[in-house]
Amino acid sequence: MTKNYYGHLNPQFYDSSCPKAKEIVKFVVANAVARETRMAASLLRLHFHDCFVKGCDASLLLDSSGTIISEKNSNANRNSARGFEVIDEIKDALERECPQTVSCADILALAARDSTVLAGGPYWEVPLGRRDSRVASLSGSNNNIPAPNNTFNTILTKFMSKGLDIVDLVALSGGHTIGYSRCTSFRQRLYNQTGNNLPDHTLDESYASQLRIMCPKSGADKNLFFLDFGSSTKFDNSYFNNLLASKGLLNSDQVLVTQNHVSLGLVKLYAEKNEIFFEQFAKSMVKMGNISPLTGYKGEIRKNCRKVNY
């Protein structure tokens, strides 16, 4: 648990204005994950993809309208970002309890923490008090979110541009201990795109052979694969052990051990000591949750997370 809070955000922000807020979020998230285990990873991912674009302001949740082009249509989110209905369910419950009080941005932050805990991961106090953006940025979503085929330096640059460092990068990548990825996100590792059909030498060949069965050279783009085949629904450090065995599914995972000696050292540390990974993941989630939040009189508290108030 971390006690270092940032800026104007505070875990007790809703204690008087909406005392049951955290309890309501936790209840809806628990029911959603009970219905579908995969939802824990989906909700955690929404918080990441929101914060890396203009900060943690729920811009990701906005649907396209006359003045807004939704971030849901970006390369990083199209056909893959999910869990929006669960956020709607949480927001509806909160609007009944305390109208126009709890922001959609704070809902994303709380849902990410609760999802992590439900999957067996660490708990942390979530600093609260974010407000919601009235605009979205499709270009920001296309350019700022790390992509599966990015080099290590590109990914680190994207993290550093948000005030996050190499320790945050490795720890937060550990979120891939739960969830799935589509065939289209890692096919280039199975079939060299230059045409010589040589596989990615950083991927274990026996693992690659298994992946090729359900991820052919063409078609099957949406077929799903565990990001962590060792314990796909349990939040633990097996993801890091996979990387050391050359069994990271995405190129953006495997580069943590092949392209930088500092990140390799951190991967080895987290693979050996689960408690150190958990402690750092919690700290880095709080740090990420503080990327450029709207506070005070900036932004608004949306009544409906999918659209601005007027």
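Residues numbered from 1 in each chain as written. Predicted model: local features only at pLDDT ≥ 70, side-chain atom pairs only at ≥ 80, totals over all residues. Heavy atoms only, no water.

An unreviewed UniProt entry lists the chain under the name Peroxidase, with Datura stramonium as the source organism. Word for word, the UniProt comment on the chain under Function (unreviewed entry) is "Removal of H(2)O(2), oxidation of toxic reductants, biosynthesis and degradation of lignin, suberization, auxin catabolism, response to environmental stresses such as wounding, pathogen attack and oxidative stress." (UniProt positions renumbered as here; feature names shortened; annotations may be inferred.)

(A) Spatial organisation of the overall build of the chain. Each helix and strand counted, the chain has 13 helices and 2 strands in total. The dimensions of the chain, computed from C-alpha atoms along their principal axes, are 60 × 45 × 35 Å. Among the 310 residues that make up the chain, the fraction classed as buried is 54%. Taking as baseline every contact in the chain between residues at least 6 positions apart, the subset at least 24 positions apart corresponds to 76%. Summing over all exposed atoms, the chain offers an accessible surface of approximately 13600 Å²; the carbon and sulfur share of this is 51%. Here the chain carries 36 positive and 30 negative side-chain charges, and the mean point of each set is 3 Å from the other. (Helix = DSSP H or I, 4+ residues; strand = E, 2+ residues; numbered from the N terminus. Buried < 20%, exposed > 50% of the residue type's maximum accessible area, 1.4 Å probe, protein only. Contact = heavy atoms within 4.5 Å. Areas by Shrake-Rupley, 256 points an atom, 1.4 Å probe, with all protein chains shown as cover. Lys, Arg positive; Asp, Glu negative; His and termini not counted. Charge placed at Lys NZ, Arg CZ, Asp CG, Glu CD.)

(B) How the structure looks around unusual backbone geometry. A positive phi angle is found at Ala220, which is not glycine, with a value near 60°. Checked against the element boundaries, Ala220 lands in the loop between helix H9 (205-214) and strand E2 (224-226). For Ala220, a relative accessible area of 30% corresponds to the partly exposed category. Even without being glycine, Ser292 reaches a positive phi, approximately 45°.

(C) Seen up close, the nonpolar core. Ranked by internal contacts, the top residues of the largest apolar core, which has 77 residues, are Ile87, Ile90, Leu94, Phe240, Met285 and Met288. For Phe240, the residues in contact, after removing those within four places along its chain, are Val170, Gly174, Val267, Tyr270, Ala271 and Phe277. Formed by 13 residues, the second largest nonpolar core is a distinct cluster that contains Leu190, Tyr207, Leu227 and Leu249. (Core = buried A, V, L, I, M, F, W, Y, C linked by side-chain atoms within 4.5 Å.)

(D) Quick peek at the environment of His261. Within the secondary structure layout, His261 lies in helix H12 (residues 261-272). Judged by its relative accessible area of 67%, His261 falls in the exposed class. For His261 and Phe278, which are 17 residues apart along the polypeptide, the C-alpha to C-alpha distance reads 21 Å.

(E) Local environment of the pattern of salt bridges. For the structure on display, the rule yields 15 salt bridges. The closest approach of N and O atoms between Asp88 and Arg306, which form a salt bridge, is 2.7 Å. With a gap of 218 residues between them, Asp88 in helix H3 (residues 84-97) and Arg306 in the segment after helix H13 (274-288) connect regions that are remote in the sequence. Given the relative accessible area of 22%, Arg306 is considered partly exposed. The partner of Asp165 in a salt bridge is Lys287, with the nearest N and O atoms 3.6 Å apart. Here Asp165 is found in the loop between helix H6 (152-160) and helix H7 (166-173), whereas its partner Lys287 is found in helix H13, with 122 residues between them in sequence. Overall, Lys287 belongs to the partly exposed group, its relative accessible area being 24%. Salt bridges here are not isolated pairs; linked through shared partners, they connect Asp63, Lys72, Asp88 and Arg306. (Salt bridge = Lys/Arg side-chain N within 4 Å of Asp/Glu carboxyl O.)

(F) Geometry of the state of the cysteines. Per the stated rule, a full pass over the model turns up 4 disulfides. Bridging Cys51 to Cys56, the disulfide has an S-S length of 2.0 Å. On the sign convention where negative means left-handed, the S-S torsion of about 120° between Cys51 and Cys56 marks this disulfide as right-handed. Neither Cys51 nor Cys56 differs from the other in exposure class; each is buried. The disulfide that involves Cys104 links it to Cys305, with 2.1 Å between the sulfurs. Handedness here is read from the sign of the S-S torsion; for Cys104 and Cys305, about -100°, the answer is left-handed. Of this pair, Cys104 sits in helix H4 (residues 104-118) while Cys305 sits in the segment after H13; the two residues are 201 residues apart in sequence, bridging distant segments of the chain. Taken as a pair, Cys104 and Cys305 share a single burial class, namely buried. Looking at the chain, its bonded cysteines, counted consecutively from the start of the sequence, adopt the pairing 1-4, 2-3, 5-8, 6-7. (Disulfide = S-S within 2.5 Å.)

(G) Representation of the confidence of the model for the chain. Summary statistics for the chain give a mean pLDDT of 94 and a share of 95% for residues scoring 70 or more. Here residues 1-6 scores under 50 on pLDDT; set against residues more than four positions off or in separate chains, the count is 12 contacts. (pLDDT = per-residue confidence, 0-100.)

(H) H6, seen in detail. Within H6, burial applies to Phe152, Ile155, Leu156, Lys158 and Phe159. Projected down its long axis, H6 carries its buried residues within an arc of 160°, all on one side. Summarising the geometry of H6, the exposed residues directed more than 90 degrees from the buried face are Asn153, Thr157 and Met160. Its buried side turned inward, H6 meets helix H5 (138-144), H7, helix H11 (251-258) and H12. (Arc of directions from axis to C-beta.)

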